[in-house]
Amino acid sequence: MSDLSQSVTPSPTAKTAAPDESPKKTLNGAGEKIGAVTVASLRDEFPYFADENAVVYLDSASSAQKARVGLDAMNDLYRHHYANVHRGAYRLSAESTAAFENARRQIARFLDAENSREIIFTRGTTEAINLVAGSLGEQMSPGDEIIVSELEHHSNLVPWQLLAERRKLKLRFWKIDARARLALADLAPLLGARTRLLAMTHVSNAFGTITPAAEAAAMARDAGALVLIDGAQAVPHLSVSVRELGADFYAFSGHKLYAPSGIGALWGRGEVLETMPPWQGGGEMITEVSLARSLYQPPPARFEAGTPPIAEAVALGAVCEWLMTLPRELLRTRLHGIFARAHELLSATAGVEVYGAGVAESAPTFSFNIADAHPHDLATYLDSHGVAVRTGHHCAQPALAALGLEATARASFGLYNNTADAERLAETVAAAANFFKR
Amino acid sequence: MHDLADAELRQLYQESLLHHSRHPCNFGELTPPMREARGYNPLCGDKITVQLRETGDRLEAIAFSGSGCAISLASASLMTEAVKGMTRRETEELFAAFTALCLGAEQARATPLPARHEDLNIFAGVREYPMRVKCATLPWHTLRAVLEQRETATTE
Ligand SMILES: Cc1ncc(COP(=O)(O)O)c(C=O)c1O
């Protein structure tokens with residue numbers, strides 16, 4: 001058991017970077033080095049791309065392709081260390097539990113949380129937000145107010161609508177501008193004595209906008225409100241420190257972070273979690289149960305009823321650990337360059353309209369349309385040419401409506417993408433514009 | 001490589017389909033009295049409203065409005081043209097033949113389109129694109145919803 005953490009942290013195939021190597025500034029060629037990892041070998045860390053039929057995958061914002069370290073960690077756990085967690089008195093269960101709790105610590109480090117007890121495993125972002133709504137929300141009183149931004153994914157809007165209905169709360173909306181940006185000046189007048197919570201995204205899934213989350217959190221906390229940040233689109237691209245952000249909750253999904261689906265996490269500020277009631281009842285979240293009543297565990301166990309997705313959690317921890325070994329700032333600059341290239345090429349293509357705040361204020365995700373075809377038809381064209389993008393309303397109908405849109409095509413980038421992918425996208429969109437030209 | 005894929009896509013996006021999507025027939029709203037239903041494809045956000053007025057058992061007038069991809073708009077355009085003046089029974093039969101056409105060659109052979117509705121054959125191309133079948137059938141499901149006095153139809 002003592003060597004267990006070894007077997008579930010990055011597998012030996014994960015190449016780690018020596019931080020003291022000084023790589024070149026432009027990192028787009030396959031042979032170029034990023035520390036000890038080359039761009040080409042980084043792509044090799046994602047087994048999907050070994051498939052000769054692999055598409056030009058530009059839908060990582062929806063769900064990312066999987067990192068080898070996560071798959072290996074999952075496999076290793078299932079083959080050698082698997083049993084239920086927090087239950088058995090036998091060695092195997094202790095191994096499984098240790099791996100699971102190690103993953104919690106890895107995620108805590110990844111988010112720069114003070115304590116791993118602040119990490120609650122959930123199925124993903126949606127469940128994390130519903131947990132806060134279902135627990136904290138039940139302590140709110142009629143007339144209390146929640147501020148929600150207009151940029152939100154439906155999963156950071158609908159739970160608040162449901163809660164508002166249940167508890168007779170008032171929702172107030174922080175509007176976006178024509179380029180899908182949130183201005184702090186528009187937040188100030190919404191904050192008041194009844195504000196209990198600000199719920200906002202860190203990065204927009206539909207447009208890629210990076211929001212002023214830290215500044216907004218400071219304003220909301222000054223007004224006495226709690227702050228929940230949806231980090232689903234942020235964790236793959238930004239180095240997130242929940243301590244620096246100053247929010248009270250931070251939610252994300254593993255599947256957008258190169259880890260398996262079915263697992264994600266909620267970070268909650270320790271002293272806030274302490275005061276929150278359970279939201280689901282079941283095994284594992286209790287200390288003592290009689291027929292009449294039960295005593296609850298402290299966080300995080302209080303919020304983790306039932307058997308969790310153990311292997312998925314271990315895989316997510318391993319991926320977080322692996323990402324921390326990479327030169328993330330360099331990779332971010334590199335990916336931003338690829339994104340900027342795609343953005344620039346498409347912006348310059350006749351018949352293409354690109355939306356959003358522009359590359360400087362965005363994570364590598366953007367929305368666009370072509371003049372003569374609906375985005376769904378465009379996606380079919382791109383798909384036939386081996387390019388996968390998402391089309392539709394991206395579960396952010398209010399954000400699209402604010403820009404006068406019903407649907408867009410969205411390209412989003414991940415660590416495995418390269419400049420050739422950006423160019424293929426632009427080329428194929430131009431060909432589609434031509435194909436559908438009236 | 002583009003040329004081959006483009007040629008295959010042309011089987012789906014034939015000129016007449018694109019033409020119908022850009023200049024749809026019966027696009028707009030009827031004046032009352034009429035009945036209507038809304039159809040929605042949650043996958044891509046296509047939204048369509050079908051309105052109709054019956055005289056006895058016959059579809060006297062039909063119109064549609066909404067927004068969507070080329071396939072759903074063209075399908076609505078050709079559908080409204082096809083069913084105008086039909087009885088309910090005839091409409092049901094054509095619904096069955098159209099869905100069969102979109103699903104596969106075998107189904108289409110079992111429930112063929114009547115000769116005078118051969119223009120609907122341009123939708124046979126969606127068979128090769130399973131994600132798009134619902135775009136073609138959404139207007140038809142919506143029409144059926146109006147006939148069955150339901151307010152909404154979805155493709156899910
Ligand atoms: C910003 C944002 N929030 C929430 C979600 C929901 O995540 P999940 O479906 O993994 O719960 C997504 C996923 O699309 C997202 O992009």
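Definitions and cut-offs
- Residues numbered from 1 in each chain as written.
- Chains lettered and ligands numbered in written order.
- Predicted model: local features only at pLDDT ≥ 70, side-chain atom pairs only at ≥ 80, totals over all residues.
- Heavy atoms only, no water.
- Domains from an automatic or database assignment.
- Contact = heavy atoms within 4.5 Å.
- Buried area = accessible area lost by both parts, 1.4 Å probe.
- Salt bridge = Lys/Arg side-chain N within 4 Å of Asp/Glu carboxyl O.
- Buried < 20%, exposed > 50% of the residue type's maximum accessible area, 1.4 Å probe, protein only.
- Helix = DSSP H or I, 4+ residues; strand = E, 2+ residues; numbered from the N terminus.
- Arc of directions from axis to C-beta.
- Expected span 1.5 Å × (residues − 1).
- Disulfide = S-S within 2.5 Å.
- Near = heavy atom within 4 Å.
- Polar contact = N/O pair within 3.5 Å; in protein donor to acceptor, adjacent residues only side chain to side chain.
- Areas by Shrake-Rupley, 256 points an atom, 1.4 Å probe, with all protein chains shown as cover.
- Nonpolar A, V, L, I, M, F, W, Y, C, P; charged D, E, K, R; others polar.
- Core = buried A, V, L, I, M, F, W, Y, C linked by side-chain atoms within 4.5 Å.
- Pairing = 2+ DSSP bridges.
- Axes fitted to C-alpha atoms, helices over the stretch in contact; angles between N-to-C directions.

### Examining the domain arrangement of chain A
Residues and elements named next belong to chain A. Taken as a whole, chain A is organised into domain 1 (4-44 + 327-437) and domain 2 (70-324). For domain 1 and domain 2, the distance between their C-alpha centres works out to 26 Å. Taken residue by residue, the interface counts 42 residues in domain 1 and 40 residues in domain 2. Contact between domain 1 and domain 2 buries roughly 3300 Å² in total, counting both sides, with carbon and sulfur atoms accounting for 60%. Our count for the domain 1 to domain 2 interface comes out at one salt bridge.

### What about helix α6 (residues 158-167) of chain A?
Because the α-helix completes a turn every 3.6 residues, residues three or four places apart line up on one side. All names here are of chain A. Listed in full, the buried residues belonging to α6 are Pro159, Trp160, Leu163 and Ala164. Angularly, the buried residues of α6 cover 135° about the axis, an arc narrow enough to put them on a single face. In this fold, the buried residues of α6 make contact with α5 (125-135), β5 (145-149), β6 (170-174), β7 (195-201) and β8 (226-230). Positioned one or two residues after α6, lysine 168 has a phi angle of 55°, which is positive.

### Description of helix α6 (residues 133-147) of chain B
Residue and element names in this part refer to chain B. Helix length check: α6 (15 residues) gives 22 Å between terminal C-alpha atoms against 21 Å at 1.5 Å per residue, within 8%. When you tally the buried positions in α6, you get twelve out of 15 residues, the bulk of the element. Listing the buried residues of α6 in full gives Val133, Cys135, Ala136, Thr137, Leu138, Pro139, Trp140, Thr142, Leu143, Ala145, Val146 and Leu147.

### Details of the state of the cysteines
A complete count under the given rule lists zero disulfides over all chains for this structure. Left unpaired, cysteine 69 of chain B is separated from the closest cysteine sulfur, that of cysteine 135 of chain B, by 3.8 Å.

### Some points on the site of the ligand
Residues and elements named next belong to chain A. If you check the shell around the ligand, you find Thr125, Thr126, His153, Ser155, Thr201, Asn205, Asp230, Ala232, Gln233, Ser253, His255 and Lys256 and nothing else. Within the side chain of aspartate 230, one N or O atom sits 2.5 Å away from a nitrogen atom of the ligand. Note that an oxygen atom of the ligand is positioned 2.5 Å from one of the side-chain N or O atoms of lysine 256. The protein chains hide 86% of the 390 Å² of surface that the ligand would expose on its own. In terms of residue class, the shell around the ligand is built from one nonpolar, nine polar and two charged.

### Some remarks on the pattern of salt bridges
Residues and elements named next belong to chain A. In the structure shown here, the tally under the stated rule is 33 salt bridges over all chains. The shortest N-O distance in the salt bridge between glutamate 423 and arginine 341 comes to 3.2 Å. Placement of glutamate 423 in helix α15 (residues 419-435) and of arginine 341 in helix α12 (residues 328-347) is noted, with a sequence separation of 82 residues between them. Note on arginine 341: relative accessible area 29%, which makes it partly exposed.

### Notes on the nonpolar core
In this structure, Leu111, Phe207 and Tyr250 of chain A are the most contacted members of the largest nonpolar core, which totals 80 residues. By residue number, the principal contributor to this core is helix α11 (residues 310-325) of chain A, which donates eleven residues. Per-domain counts for this core show at least three residues from each of domain 1 (4-44 + 327-437) and domain 2 (70-324) of chain A. Beyond its immediate stretch of four places on either side in the chain, leucine 111 of chain A contacts Ile119, Val235, Val240, Ser241, Val242, Tyr250, Phe252 and Trp267 of chain A. One finds Leu378 and Leu382 of chain A together with Ala76 and Leu78 of chain B within the second-largest nonpolar core, a separate group that totals 74 residues.

### Things to note about the sheet that holds β7 of chain A
By definition, the strands of a sheet pair up through backbone hydrogen bonds, in either a parallel or an antiparallel sense. Residue and element names in this part refer to chain A. Reading across from one edge, β4-β10-β9-β8-β7-β5-β6 is the order of the seven strands in this open sheet, with mixed pairing throughout. Both outer strands of the open sheet, β4 (119-122) and β6, are each paired with one neighbouring strand and no more. Averaged over all neighbouring strand pairs, the angle between strand axes comes to 20°, with direction disregarded. Bridge count for β4 against strand β10 (residues 264-268) is four bridges, and the pairing is antiparallel. Bridged to threonine 122 within β10 is glycine 264. In the packing of α5 onto the sheet, the strands contacted are β4, β8, β9 (249-253) and β10, and the crossing angle to β9 comes to about 150°.

### A word on the sheet that holds strand β1 (residues 35-41) of chain B
All names here are of chain B. On the basis of which strands lie adjacent, the open sheet formed by four strands has the order β3-β2-β1-β4 and mixed pairing. The open sheet terminates on both sides in strands that have one partner only, identified here as β3 (58-67) and β4 (152-154). Averaged over all neighbouring strand pairs, the angle between strand axes comes to 20°, with direction disregarded. As defined by bridge partners, β1 adjoins strand β2 (residues 46-55) across seven bridges and the pair is classed as antiparallel. Note on β2: the bridge partner recorded for tyrosine 40 is lysine 47. The strands that helix α3 (residues 70-83) touches are β2 and β3; relative to β3, the one it contacts most, it runs at about 170°.

### Things to note about the interface of chain A and chain B
Contacts between chain A and chain B engage 18 residues on the former and 25 residues on the latter. Summed over the shared surface of chain A and chain B, the result is two salt bridges. Residue glutamate 406 of chain A is joined to lysine 47 of chain B by a salt bridge in which the shortest nitrogen-to-oxygen separation is 4.0 Å. Along the contact surface separating chain A from chain B lie twelve residue pairs in polar contact (both at pLDDT 80 or more). Listing elements by their share of the side of chain A that touches chain B, those giving two or more residues are α13 (375-384) and α15 of chain A. With five residues, α13 of chain A is the largest single contributor of residues to the side of chain A that touches chain B. Of the residues that constitute the side of chain A that touches chain B, the class distribution is four nonpolar, eight polar and six charged.

### Brief notes about unusual backbone geometry
For the bond from proline 299 of chain A to proline 300 of chain A, the omega torsion is 0°, close enough to zero to count as cis. Its location among the elements puts proline 300 of chain A in the loop between β12 (294-296) and α11. Although it is not a glycine, glutamine 149 of chain B adopts a positive phi angle of roughly 60°. Residue position: glutamine 149 of chain B is located in the loop between α6 and β4.

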